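A structural walkthrough
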Amino acid sequence: MKIIDGKAISAKTKEELRLEVASLKEKGVSVGLAVIIVGDDPASRVYVNNKKKACELLGIYSEEYALPAETTMENLLGLIEELNSRSDINGILCQLPLPRHLDEKAVINAISPEKDVDAFHPVNVGKIMIGDFDFLPCTPAGVMRLIDETGVEIEGKSCVVIGRSNIVGKPMSMLLLHRNATVTICHSKTQNLSEITSQADILVAAVGRANFVTPNMVKEGAVVIDVGINRLENGKLCGDVDFEAVKDKCSHITPVPGGAGPMTIAMLMANTVTAAKKQNNL
Ligand code: GUN
């Protein structure tokens, strides 16, 4: 069994991007990202801090807009409109989830597709569907990198994704399909779940339930990617996969933390650099 070191692979990717940002700067092109956070969700705060830190490391200019939980749609849409029109801001990210009184769909729709570094806008989602994308959705793109690093061929393999969210499960399935995998999407209404997941050569868990994936759900020798980040009562982070119980059955497995999480941020940085290049006709 090999542990897939997401932290190291993320560091390698970020170093490549740091060099690219520096070479863009020499050409007079700077890269800028605006991050919006509404309210004081502690998990969102951690994610946003990590995104800002990554920008600093790579030499990407970043601005944070921390808005109070009571922010109105009018305020938020006004800010997005202003950021859409600024040439020094190449990427705009609004951290989800938003407080309940705000219309998440309207917010995603308001971000210019060219600056939508999360790839959440319907235009970008549609492009992903037809395989003609500018931005890859960050978490699924990071997972693809992790699978590629194992050296395991994706084409023709049986891949099972547990979870069908717009952020992870659905785009994850599309990226695997583009690589000619045979993809099955499982979710909370799936019958005989373990029968299906135990056929998977590559199993991606994006459920949001601690230790959900147990050994009986895993095929001997499978690649297991854990996208879950769950906080236990004792404050510890744990994934969707019961790592200790499952690890000896896998050929490769990601830990939590230190697996898919760091890759998501690296892919966000990659999208921001792509956005800057496109907006400067490079
Ligand atoms: N909330 C959880 N994951 C994400 C993400 O990738 N991007 C944004 N904007 N919000 C999130």
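Here, the structure is the one placed above.
Residues numbered from 1 in each chain as written. Predicted model: local features only at pLDDT ≥ 70, side-chain atom pairs only at ≥ 80, totals over all residues. Heavy atoms only, no water.

Details of the overall build of the protein
Rules: Under the DSSP-based scheme used, a helix requires at least four consecutive residues in state H or I and a strand at least two consecutive residues in state E, with every element numbered from the N terminus. Our radius of gyration is a C-alpha quantity, and the globule rule it is checked against amounts to 2.2 Å times the number of residues to the power 0.38. We call a residue buried when its accessible area falls under 20% of the maximum for its residue type, exposed when it is over 50%, and partly exposed in between, using a 1.4 Å probe and counting protein chains only. Throughout, a contact is declared for two residues whenever any of their heavy atoms are within 4.5 Å. Shrake-Rupley sampling with a 1.4 Å probe provides the accessible areas, and residues are treated as covered by the protein chains on show and by no other component. Residues scored as positive are Lys and Arg, those scored as negative are Asp and Glu, and His as well as the terminal groups of each chain are ignored. Lys charges are placed at NZ, Arg charges at CZ, Asp charges at CG and Glu charges at CD.
The helix and strand inventory of the protein stands at 10 helices and 11 strands. By the compact-globule yardstick of 19 Å for 282 residues, the protein fits well, its C-alpha radius of gyration being 19 Å. When its C-alpha atoms are laid out on the principal axes, the protein stretches across 50 × 40 × 35 Å. Counting every position in the protein, which comprises 282 residues, the buried fraction comes to 48%. Taking the contacts inside the protein whose residues are at least 6 apart along the sequence as the reference set, 70% of them involve residues at least 24 apart. A total of about 13,500 Å² of accessible surface is found on the protein, and carbon and sulfur atoms cover 51% of it. Taken as two groups, the 30 positive and 35 negative side-chain charges of the protein have centres that lie 2 Å from each other.

Examining the nonpolar core
What counts here: We call a set of buried residues a nonpolar core when its members are Ala, Val, Leu, Ile, Met, Phe, Trp, Tyr or Cys and they connect through side-chain atoms within 4.5 Å of each other.
Counting 52 residues, the largest nonpolar core has Ile60, Leu176, Ile225 and Met269 as its most contacted members. With 11 residues, the single largest contributor to this core is helix H10 (residues 260-279). Core analysis: the next-biggest nonpolar cluster, separate from the first, contains 19 residues, Ala34, Ile80, Ile92 and Leu96 among them.

Here's the deal with the environment of Met263
Tracing the chain through its elements places Met263 in helix H10. Here Met263 falls in the buried class, since its relative accessible area comes to 0%. Look past the residues within four positions of Met263 in its chain and what remains in contact with it is Gly6, Ile9, Ser10, Thr13, Gly142, Arg145 and Leu146.

Focus: empty space enclosed by the protein
As a reminder of what qualifies: Every definition here rests on a 1 Å grid over the protein atoms only: cavities are sets of points where a 1.4 Å probe fits but cannot get out, pockets are open sets enclosed by protein on both sides within 12 Å along at least five of seven lines, and lining residues have some atom within 4 Å of a point. Grid points are joined across faces, edges and corners, and a volume is the space filled by probe spheres set on the points. Classification convention: Asp, Glu, Lys, Arg as charged; Ala, Val, Leu, Ile, Met, Phe, Trp, Tyr, Cys, Pro as nonpolar; all other residues, Gly among them, as polar.
Tallied over the full model, the rule gives 1 cavity of 30 Å³ or more. A volume near 60 Å³ is recorded for the largest cavity. Together, Cys94, Leu96, Val107, Ile108, Ile111, Asp116, Asp118 and Phe120 line the largest cavity. Per-class residue counts for the lining of the largest cavity are 6 nonpolar, no polar and 2 charged.

Let's talk about the site of the ligand
Applied cut-off: We call a residue near a given molecule or strand whenever any one of its heavy atoms falls within 4 Å of it. By the criterion applied in these results, polar contacts are pairs of N or O atoms within 3.5 Å in which, for protein atoms, one can donate a hydrogen and the other can accept it, and in which residues neighboring in sequence qualify only through two side-chain atoms.
Near the ligand, the surroundings consist of Lys51, Leu93, Cys94, Gln95, Leu96, Asp118 and Phe120. Gln95 is positioned such that a nitrogen or oxygen atom in its side chain is 3.3 Å from a nitrogen atom of the ligand. Separating a nitrogen atom of the ligand from a side-chain N or O atom of Asp118 is a distance of 2.7 Å. Calculation on the ligand without its partners gives an accessible area of 280 Å², and the protein chains cover 82% of this total. Considered class by class, the residues forming the shell around the ligand number 4 nonpolar, 1 polar and 2 charged.

Describing the side chain of Asp240
Note the threshold: When a carboxyl oxygen of Asp or Glu is within 4 Å of a side-chain nitrogen of Lys or Arg, the pair counts as a salt bridge.
Along the chain, Asp240 turns up in the loop between strand S10 (237-238) and helix H9 (243-246). Arg209 provides the closest opposite charge to the buried, salt-bridge-free Asp240, at an N-O distance of 8.1 Å. At 3.0 Å, the side chain of Asp240 forms a polar contact with the backbone nitrogen of Gly208. Residues contacting Asp240, with those up to four places away along its chain left out, are Ala205, Ala206, Val207, Gly208, Arg209, Asn211, Phe212, Val213, Asp226, Gly228 and Asn230.

Focus: the sheet that holds strand S5 (residues 158-162)
The condition is simple: Pairing between two strands is assigned when DSSP locates at least 2 bridges connecting them. Axis definition: a line fitted to C-alpha atoms, limited for helices to the stretch in contact. Angles are taken between N-to-C directions and run from 0 to 180 degrees.
Spatial ordering of the open sheet is given by S1-S11-S8-S7-S5-S6, a layout of 6 strands whose pairing is parallel. For this open sheet the edge positions go to strand S1 (2-3) and strand S6 (182-186), each flanked by a neighbour on one side alone. In this structure, S5 lies alongside strand S7 (residues 202-205), joined through 4 bridges in parallel fashion. Counted as the bridge partner of Val160 is Leu203 from S7. Where helix H6 (residues 138-150) meets the sheet, it contacts S7, strand S8 (222-226) and strand S11 (250-253), and its direction lies at approximately 150° from that of S8. Relative to the sheet, helix H7 (residues 169-178) contacts S5, S6 and S7, its axis offset from that of S5 by approximately 170°.

Details of helix H2 (residues 42-58)
Under the convention used in this document: Helix span, as expected, comes to 1.5 Å for every residue beyond the first. This arc is built from the directions going out from the helix axis to the C-beta atoms.
Compared with the 24 Å implied by 1.5 Å per residue over 17 residues, the 25 Å span of H2 between its first and last C-alpha is a close match. Along H2, the positions that sit buried rather than exposed are Ser44, Val48, Lys51, Ala54, Cys55 and Leu58. The arc that holds every buried residue of H2, seen down its axis, measures 120°, which confines them to one face. Exposed and oriented more than 90 degrees from the buried face of H2 are Pro42, Lys53, Glu56 and Leu57. As for H2, its buried residues are in contact with helix H1 (6-26), strand S2 (32-38), strand S3 (61-67), strand S4 (91-94) and H10. Gly59, located one to two residues past H2, shows a positive phi value of around 80°.

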